[in-house]
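As a plain string of letters, each chain reads:
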Amino acid sequence: MTANSSITGTESPTGISVPVPGSASDGDSGTTDRGRTIPRTGESFSEGSITLRRALRWWPIALLILFLVIPYSAFPVPGLLDGPLGSPGSLQLIALCLLYGALATGYDLLLGRTGLLSFGHALYFAAGLYCTDLAMLELRLPVLPAAAAGIACAILLSLLLGAVSLRVTGIGFSMVTLAFAQAGAILVQRNPGGLSGGEEGRAAPADLLPASLVGIGNTANLYWIALGYLVLTLAVVHWTVGSPIGRVWAGIRENERRVEVLGLRPYGYKLIAFVVAGTLAGAGGVVYLLLTGGATPQAATSDATLALLVMVVLGGSGSRWGPLLGGVLYTWAGHRLGDLANSSAVADLPAVLRVPLSQPLFLLGCLFVVVVYLLPGGLARLPARLRAARAASAVSARAGSTVPAPTRGSEAA
Amino acid sequence: MNTVVLLVCTGLGLGALYFLVASGLSLIFGLMDVLNFAHGALLSVGAYAAWWASAEAGTGFWPAVLFGTAVGTAASVLLELAVIRPLYSRPRDQILATVGVGLALPALIMGIWGADARSFQPPAELAGAVSVLGAVVPVNRFVLMGAALVVLVLLRLFLSRTRYGLIVRAGVEDRAMVTALGIDVRRAFTLVFAIGGAAAALGGALAGLYFGSVNPGQGTGLLIFAFVVVVMGGMGSVTGAAVASAAVGLVQQFANYYTAAGLGDLSVVVLLAVLLLVRPRGLTGRLA
C-alpha cells in the first residue's frame, strides 16, 4: 500500500487523464462538470448575473446554516412532516434523512467514484452499529471509546473482506460482497452467545450515554450529530475524490485496464476506496445507534444495502449532491409512504389500488425502475437535462432545424 | 451412519434447490452480463402461483407445480421484454432495474397474501419418508434431486444439441463475436431468460414442498446462496453450478449439524472466501 501511494503522489496527477463527460457507458459519467454553475449552453450572461452566480456558489454554506438552526424553528411544513420543524418527531425524521444521505454519499465513493458495485455495504454500517453497542453493553465502555472501537471494527472488517472480495472483478465482486454481508446478517440474526439479541436487537445502555443524548427533549443534539456526520462525510468524499488517489479512482471507473497500463496497481486503490467507504459506514452506524437508541438486525440485511444502492442511483451516482439528495428522498418517502399506507384514504380504496399503495417498498422499487429508465444519471442530472433540452429547443426554433441536445450522446452510450 | 446418510440426502436436496435457482442465473449472467436480482422474485412468483393453485384453486400437486412453473416462465419473459431489453446498451442499468423489480415484486406479493408464511400441503405420496441405508429420509428430498437432475440433463441437451444452445454457448464465450457473425443474440436472451425463469419457478414450487411453506422473502434468501453457487461454479457454466450447489448444500447441512445451528450458512461464505483466495476464477476457471 505504501509503495502505491508514493507512486500516486508523483505520477498520477499527470499520468491519469481526467475522464471526459459522456464517455462512460453506464450513464453516470461526468463528475467534473457537476455542482458548478458555469453556463454550458453557450448563452452569455450580464455582469450582474455573473455576480449573482458567484454568490450562489455559496449556497451549501447557506443551506448548512439553515439546517443548523432548524431545531429552533417552529415552522410548520404540512404534508412534508407531521409536526412543526423543531418538534422532536420531525427532528428525528430529518436526522434520519441526513444520516442516510450521508451513508449514500459514502457508498457512492465505491459505486459512482470508483465504479465498484458493492452489495455488502450494510455490513460495515452494522459492524459500527453493533460493535459500538456491544462495547458499551459488554465492556461497559463510555460512548467515545465505544464509538472508536466500533469504527475500528468497521475498518478491520472492510480491510479484511475488501482484500478478499477485490480478488474478483466486475459482477463477481458484487456477488462476493453480497455473500459476506449475508453472512453478517445471518450471524446477527442467530444471536451468537446472546450478544446480538437476535431479531429483537439490543438497546443502547442509557446509563452509559451522556444525559444530553438521552430522551426526547434532547433530540436536537442527536440531530446536530447527524448533521455533523453528514458534513464530515461530504468533506471526506470531496477531499479524497479530489486527491491524487481520487483521480486514480476515476481512472479505474472509466477503464481499469488503462490504469494498469500506466503502471499502477488498481487493487490497492480499490482497497483504499473500500476501506474509506467502510469506515464512513461504520461511523454512520455509531450515529444510527445514538439516533435510534439501539441496534436492530434490519440494519445488516441485504435489503439495507440495496436501499443504499437505490438511494445513490435515484439521486445520481458520481455526482456531489446526488447521493445525498437520493438518501434524503428515499428515507423521507419510506417513512411518509408508510403513513400513507395506514391512512384511511388508502384503506377505503378498492383492492387493486390499495394493495400496491400499502407497500412502500413496491412503490419505491417501481420508482427506482422508472428513474433507471428515464433518468440515467438520477435526479441530480435533471436540471442539466432540462437546460439542455431547453437550449436545444431554443436553438432549433432559431435555426428552424432540429439539433440534438448535448447530453444525448452520454445517454445513448 | 444414519445421520450421515440423512445429512447427505438433505444437503443434496438443498443443493438441488440451489441448482434450480443458480443454473438460470448463471446462464443469464454468462450470456448477457446481467446479474438478475429479480431472479429470487421469480422464484417467489413460482412458489406463490403453485401454492395458490393447490391451496386456493384446488388443483392437484403436479398441476400446481406445472402452473407455478408456467407463471414464473411468463413472468421472466415479461421481465426480459419489458425491463431488460429496452436497456440493452446499458448493462449496469439492466442490473439496477432488476434490483428495482426484485424489491417491488416480493413487496407486492406481501401486499396481496401477507408477510406470514403460508403452509404448503404436500400430496400424500410425497409427505412420507423412505428408508435409505437405515436412515429415514423425507421423500421430498428425492423429488428435488430428481427435478434438478432432469433440469441439468435437459439443459445440457439443449446447450449441446440445439442450434440455440450453440448460440448461447458461443454467446457465453464471446458475445461480441457472435453478434459480429450476424446472429441475433436477443432472441437467445429471451429464450435463456425463459429457461432460467422456468427453472427458478420450478425451484419455487418445489421449495414449498421442501420447507413446507412459502413466504415472500424466501426467493431473496435463496438467491444469495445461488449467487455464491454461481461465483463458485464459474460464471456461465451449468456444470460448475451443479457441482458448486451440491458442495454448498452439503457443507451447509453438515456444518449446521456438527457445529452450532446457523454456522452452516457462515461456513458456506467461508468456503467461498477460501475458494476465491485459491482460485479467483471459480471451480471451472471461468472469468468472473
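Residues numbered from 1 in each chain as written. Chains lettered and ligands numbered in written order. Predicted model: local features only at pLDDT ≥ 70, side-chain atom pairs only at ≥ 80, totals over all residues. Heavy atoms only, no water.

Re the overall build of chain B
The helix and strand inventory of chain B stands at 12 helices and 4 strands. Within chain B, buried positions represent 57% of all 288 residues. A separation of at least 24 residues holds for 76% of the contacts in chain B among residues at least 6 apart in sequence. Put simply, chain B has 15 plus and 10 minus side-chain charges, and the middle of one group is 9 Å from the middle of the other. (Helix = DSSP H or I, 4+ residues; strand = E, 2+ residues; numbered from the N terminus. Buried < 20%, exposed > 50% of the residue type's maximum accessible area, 1.4 Å probe, protein only. Contact = heavy atoms within 4.5 Å. Lys, Arg positive; Asp, Glu negative; His and termini not counted. Charge placed at Lys NZ, Arg CZ, Asp CG, Glu CD.)

With respect to the side chain of T69 of chain B
All names here are of chain B. Within the fold, T69 resides in helix α3 (residues 61-84). Residue T69 is classed as buried on the basis of its relative accessible area of 15%. Contacts of T69, omitting those with residues within four sequence positions, involve A198, A201 and L202.

Quick look at the interface of chain A and chain B
In this assembly, 45 residues from chain A lie in contact with 42 residues from chain B. Ranking the residues of chain A by area buried against chain B places R167, M175 and Y373 of chain A at the top, with a combined share of 16%. The tally of links from chain A across to chain B stands at 0 salt bridges. Elements represented by at least two residues in the side of chain A that touches chain B include exactly α7 (171-190), α12 (302-315), α15 (351-357), α16 (360-374) and α18 (408-412) of chain A. If you tally residues by element for the side of chain A that touches chain B, the top one is α7 of chain A, at 13 residues. Classifying every residue of the side of chain A that touches chain B by side-chain character gives 30 nonpolar, 9 polar and 6 charged. (Buried area = accessible area lost by both parts, 1.4 Å probe. Salt bridge = Lys/Arg side-chain N within 4 Å of Asp/Glu carboxyl O. Nonpolar A, V, L, I, M, F, W, Y, C, P; charged D, E, K, R; others polar.)

Regarding helix α13 (residues 322-342) of chain A
All names here are of chain A. Across its 21 residues, α13 extends 30 Å between first and last C-alpha, which sits within 8% of the 30 Å expected from 1.5 Å per residue. Taken as a whole, α13 has its buried residues at G322, P323, L324, G326, G327, Y330, T331, A333, R336, L337, G338 and A341. The secondary structure elements touched by the buried residues of α13 are α4 (88-114), α8 (219-242), α12, α14 (344-347), α15 and α16. (Expected span 1.5 Å × (residues − 1).)

A look at a nonpolar patch on the surface
Residues and elements named next belong to chain A. A surface patch of nonpolar side chains, amounting to about 800 Å² of accessible area, comprises W58, I61, L64, I65, L68, V69, Y72 and V231. Per-element accounting of the nonpolar patch gives the leading share, 5 residues, to helix α3 (residues 59-69). Structurally, the position occupied by I61 is in helix α3. The partly exposed category is assigned to I61, whose relative accessible area is 45%. (Patch = residues over 30% accessible without salt bridge, like charges linked within 9 Å, V, L, I, M, F, W, Y side chains within 5 Å. Areas by Shrake-Rupley, 256 points an atom, 1.4 Å probe, with all protein chains shown as cover.)

Let's talk about the packing of aromatic side chains
Applying the stated criterion to the full structure yields 15 aromatic pairs over all chains. Pairing Y257 of chain B with Y258 of chain B gives two aromatic rings, centres 5.0 Å apart and planes at 85°, and the pair type is edge-to-face. One aromatic cluster is present, formed by Y100, F125 and Y288 of chain A through successive ring pairs. (Phe/Tyr/Trp six-rings, centres within 6.5 Å; stacked < 30°, edge-to-face > 60°.)

Points about unusual backbone geometry
Phi angles above zero are rare outside glycine, and R140 of chain A is one such case at about 55°. Looking at where R140 of chain A falls in the secondary structure, it is placed in the loop between α5 (122-137) and α6 (143-165).

Brief notes about the confidence of the model for chain A
All names here are of chain A. Looking at chain A as a whole, the pLDDT averages 79, with 85% of positions reaching at least 70. Low pLDDT, under 50, characterises residues 1-43; the stretch is placed with 73 contacts to residues that sit more than four places away or in other chains. Here residues 402-413 is a poorly scored stretch, pLDDT under 50, and it has 21 contacts once near neighbours within four places are set aside; other chains count. (pLDDT = per-residue confidence, 0-100.)

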